[in-house]
Amino acid sequence: MSRFREWRGHRPFAGGLLLVLGGAEILVTMKAPLPVILKIGMQGLAGYLLPSLMIVCGALILFNPAQRLFYSILGIMLSLGTWLTSNIGGFVVGLLLGAVGSTLTFGWLPDQEPRRKRSAERPEKHAAELG
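Rules used throughout
- Residues numbered from 1 in each chain as written.
- Predicted model: local features only at pLDDT ≥ 70, side-chain atom pairs only at ≥ 80, totals over all residues.
- Heavy atoms only, no water.
- Core = buried A, V, L, I, M, F, W, Y, C linked by side-chain atoms within 4.5 Å.
- Buried < 20%, exposed > 50% of the residue type's maximum accessible area, 1.4 Å probe, protein only.
- Helix = DSSP H or I, 4+ residues; strand = E, 2+ residues; numbered from the N terminus.
- Contact = heavy atoms within 4.5 Å.
- Phe/Tyr/Trp six-rings, centres within 6.5 Å; stacked < 30°, edge-to-face > 60°.
- Axes fitted to C-alpha atoms, helices over the stretch in contact; angles between N-to-C directions.
- Parallel < 35°, antiparallel > 145°, perpendicular 65-115°, else oblique.
- Left-handed = near helix turned anticlockwise from the far one by under 90°.
- Nonpolar A, V, L, I, M, F, W, Y, C, P; charged D, E, K, R; others polar.

An unreviewed UniProt entry annotates the protein as Integral membrane protein originating from Streptomyces capitiformicae.

A look at the nonpolar core
For soluble globular proteins, nonpolar side chains are generally found buried alongside one another. Listed in full, the eight residues of the largest apolar core are Leu19, Ile26, Leu50, Met54, Cys57, Ile61, Tyr71 and Leu78. Put simply, the parts of the chain that give this core at least two residues each are helix H2 (13-30), helix H3 (41-63) and helix H4 (68-85). Setting aside residues no more than four positions away along its own chain, isoleucine 61 makes contact with Pro12, Gly16, Leu19, Tyr71, Ser72 and Thr105.

Points about the environment of valine 28
For valine 28, the position within the fold is in helix H2. Once the C-alpha coordinates of valine 28 and glycine 90 are considered, the two residues, 62 residues apart in sequence, prove to be 8.1 Å apart.

Concerning the packing of aromatic side chains
Enumeration over the complete set of coordinates arrives at five aromatic pairs. For the ring pair phenylalanine 4 and phenylalanine 13, a centre distance of 5.7 Å and an interplane angle of 90° mean the geometry is edge-to-face. Using a relative accessible area of 38% as the deciding quantity, one classes phenylalanine 4 as partly exposed. With centroids separated by 5.8 Å and ring planes inclined at 45°, the aromatic side chains of tryptophan 7 and phenylalanine 63 adopt a geometry described as tilted. Within this pair, whereas tryptophan 7 is found in helix H1 (residues 2-9), its partner phenylalanine 63 is found in helix H3, the two being separated by 56 residues in sequence. For tryptophan 7, a relative accessible area of 29% gives the class partly exposed. Assessed through its relative accessible area of 62%, phenylalanine 63 is described here as exposed. Within the aromatic cluster, the residues linked to one another by ring pairs are Phe4, Trp7, Phe13 and Phe63.

Brief notes about the packing of H4 against helix H6 (residues 93-107)
One can describe the packing of H4 onto H6 by two numbers: an axis separation of 8 Å at closest approach and a directional angle of 160°. Classified by the angle between their axes, H4 and H6 sit roughly antiparallel to one another. Crossing geometry of H4 relative to H6 is assigned as left-handed. Seen from H4, the contacting residues are Arg68, Leu69, Ser72, Ile73, Gly75, Ile76, Ser79, Leu80, Thr82 and Trp83; seen from H6, they are Leu95, Gly98, Ala99, Ser102, Thr105 and Phe106. Of the residues belonging to the contact of H4 with H6, the class tally is eight nonpolar, seven polar and one charged.

Okay, structure coming up:
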């Protein structure tokens, strides 16, 4: 368990996972037997291509975090593109999962010191003011 936790800590795990889940959700809604679904020509192909590329970008974020900025920008563009091609982005759920995952990935910093709680800083601050 600790090996997985360490592996997960060295990459934007939550962002990549959300991007994969968003693409998978959009693909599932493309196969849904609903009368709302309308596929015409190239739009039908793009409806399957964009969420598939979202899944690929999410997997690449997880397994190649050095290129996370490029994959996150590509992921947000693909997520926004599904609004037009894939049933309003998987009925908005897949679009939001992909957008949030891409944003989390873009904002992830690999070598940042962990933040300290404010409650831990208070005694030191009060001691400095008194002494």
